[in-house]
Amino acid sequence: MIKNVDELVDILIMNPVIAAVRDGDMLDRSLDSASKVVFMLFGSIGELERQCEKLYNAGKVFFLHVDLIDGLRPDPVGVRYIASTMKPTGIITTKGACVRMAHDSGLFAIQRVFMLDSSALRSGVQNVLSCRPDLVEILPGVSEKVLSIAKQQFTLPLIAGGLINTKVDVFSALNAGVIAVSTSCEPLWCLDK
């Protein structure tokens, strides 16, 4: 069990490519991948417990994107259920209220911020300041300029996600100052630093 944010950040720095899985087949392939960290970007209440058990048994550090789970509302009861039954390391969300619920349930929280324009940046910074997630995931993660701006604006550790499909994308994002990248591009899951 990861005890604090510093320990989580160390794990991400040592394992900077996160397997972002979008279906059950990808999930199964992630179990044998070199990626220590997995983001589950899909799920339904009926299958979720079994899928999380697989990740847990494989020794993966995993996060559930609570906004994308079918049949489970990301409200206080739903988040407590996730924490007690699914036992993820934490959640991913775009909603500030879910960040607070995650912390109240003993989970880490990653807040996704879509950097579409300067207005979205300002809104994202304000949301992060008000709800205090543990990490911020910046999307899309393929623009060094966007990541550099985000690095200046956010005081929390950053993850880049979205549209990362090549080794160059991974290394560009890491060079821009993020601690890790999330990708659904499976060949990158075994990428050496």
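First things first, this report covers the structure right here in the doc. (Residues numbered from 1 in each chain as written. Predicted model: local features only at pLDDT ≥ 70, side-chain atom pairs only at ≥ 80, totals over all residues. Heavy atoms only, no water.)

1. Details of the overall build of the protein
Rule in force here: Only DSSP runs of H or I reaching four residues or more are called helices, and only runs of E reaching two or more are called strands; each is numbered from the N terminus. When we talk radius of gyration, it's over C-alpha atoms, and the globule rule is simply 2.2 Å times the number of residues to the 0.38. A 1.4 Å probe rolled over the protein chains alone gives each residue an accessible area, and that area as a share of the maximum for its type sets the label: buried under 20%, exposed over 50%, partly exposed in between. We get accessible surface area from the Shrake-Rupley algorithm with a probe of 1.4 Å; when it comes to residues, only the shown protein chains can shield them. Under the convention used here, Asp and Glu are negative, Lys and Arg are positive, and both His and the chain ends fall outside the count. Taken as the charge centre is NZ of Lys, CZ of Arg, CG of Asp or CD of Glu, depending on the residue.
Each helix and strand in the protein was counted, giving 8 helices and 8 strands. The C-alpha atoms of the protein give a radius of gyration of 15 Å, which matches the 16 Å a tight globule of 193 residues would have. Considering only C-alpha atoms, the protein reaches an extent of 40 × 35 × 30 Å along its principal axes. Residue burial in the protein is summarised as follows: out of 193 residues, 50% are buried. Entry remark: accessible area of the protein is about 9100 Å², with carbon and sulfur atoms responsible for 52%. Looking at charge distribution, the protein has the averaged site of its 19 positive side-chain charges lying 4 Å from that of its 21 negative ones.

2. Quick look at the nonpolar core
Here is the rule: Side-chain atoms within 4.5 Å are what join buried Ala, Val, Leu, Ile, Met, Phe, Trp, Tyr and Cys residues into a set we call a nonpolar core. By definition, residues are in contact when any of their heavy atoms lie within 4.5 Å.
One finds Leu64, Ile138 and Phe154 to be the most contacted residues of the largest nonpolar core, which totals 51 residues. Beyond its immediate sequence surroundings of up to four residues, Ile138 is in contact with Val113, Met115, Val146, Leu147, Ala150, Phe154, Leu158, Ile159, Ala160 and Gly161. In this structure, Val9, Ile18, Val37 and Ile179 belong to the second largest nonpolar core, which totals 19 residues.

3. Comments concerning the packing of helix H2 (residues 24–31) against helix H3 (residues 45–57)
For the record, the criterion: Between N-to-C directions, angles span 0 to 180 degrees; the directions come from axes that are lines fitted to C-alpha atoms, helices contributing only their stretch in contact. Should an angle lie under 35 degrees it is considered roughly parallel, over 145 roughly antiparallel, and from 65 to 115 roughly perpendicular; all remaining angles are considered oblique. Crossing handedness follows the turn of the near helix against the far one: under a right angle anticlockwise gives a left-handed crossing, and clockwise gives a right-handed one. Note on residue classes: Ala, Val, Leu, Ile, Met, Phe, Trp, Tyr, Cys and Pro are nonpolar, Asp, Glu, Lys and Arg are charged, and everything else, Gly too, is polar.
The N-to-C vectors of H2 and H3 enclose an angle of 15 degrees; their axes lie 9 Å apart at closest approach. With respect to H3, the element H2 is oriented roughly parallel. Viewed along their axes, H2 and H3 form a crossing whose handedness is left-handed. Residues Gly24, Leu27, Asp28, Ser30 and Leu31 of H2 form the contact with H3, whose own contacting residues are Gln51, Lys54 and Leu55. Class assignment of the residues belonging to the contact of H2 with H3 gives a composition of 3 nonpolar, 3 polar and 2 charged.

4. With respect to the packing of H3 against helix H4 (residues 76–86)
Contact geometry for H3 and H4: axes closest at 10 Å, N-to-C directions at 40 degrees. One element, H3, and the other, H4, form an angle in the oblique class. Here Ile45, Leu48, Glu49 and Cys52 of H3 come into contact with H4, specifically with Tyr81, Thr85 and Met86.

Remember that the coordinates give geometry; whether it matters functionally is a separate question.
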